[in-house]
Amino acid sequence: MAMRNGVRERVAKYRAATRAAGLRPIQVWVPDTRKPGFAAECRRQSLLLRRGRGEKETLRWLGKVADTEGWK
């Protein structure tokens, strides 16, 4: 139990410090990339976009406004 209390105190201290720095915790849920069928669904959606009206224009715009400085 002492170890659990030590961890709890350490986490509380960390959270207090990050909040004091102006940060707040959030939780983000994302698709499970390990799920069967995930890659197939990505491909399906990508193929739909390829035929989408305005997609080439959107990609050109993204290429112009994207901040890629420092990318390899």
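Participant: When you look at the environment of Asn5 in this model, what are you seeing that I'm missing?
Facilitator: Looking at the secondary structure, you find Asn5 in helix 1 (residues 2–20). Classification of Asn5 by relative accessible area gives partly exposed; the value is 32%. Each C-alpha atom of the pair Asn5 and Pro31 lies 34 Å from the other, and the pair is 26 residues apart in sequence.

Participant: Explain the pattern of salt bridges here, please?
Facilitator: Charged atoms that come close allow side chains of opposite charge to pair. If you walk through the whole model with that rule in mind, you get two salt bridges. A salt bridge links Asp32 to Arg34, with the shortest nitrogen-to-oxygen separation between them at 3.0 Å. Taking relative accessible area as the criterion, Arg34 reaches 72% and is therefore assigned exposed. Between Glu41 and Arg44 there is a salt bridge whose closest N-O contact spans 2.6 Å. With a gap of three residues between them, Glu41 and Arg44 both fall in helix 2 (residues 38–50), about one helical turn apart. The class for Glu41 is partly exposed, based on a relative accessible area of 31%. The partly exposed category is assigned to Arg44, whose relative accessible area is 43%.

Rules used in this analysis
- Residues numbered from 1 in each chain as written.
- Predicted model: local features only at pLDDT ≥ 70, side-chain atom pairs only at ≥ 80, totals over all residues.
- Heavy atoms only, no water.
- Helix = DSSP H or I, 4+ residues; strand = E, 2+ residues; numbered from the N terminus.
- Buried < 20%, exposed > 50% of the residue type's maximum accessible area, 1.4 Å probe, protein only.
- Salt bridge = Lys/Arg side-chain N within 4 Å of Asp/Glu carboxyl O.

Coordinates in, geometry out; function isn't part of it.
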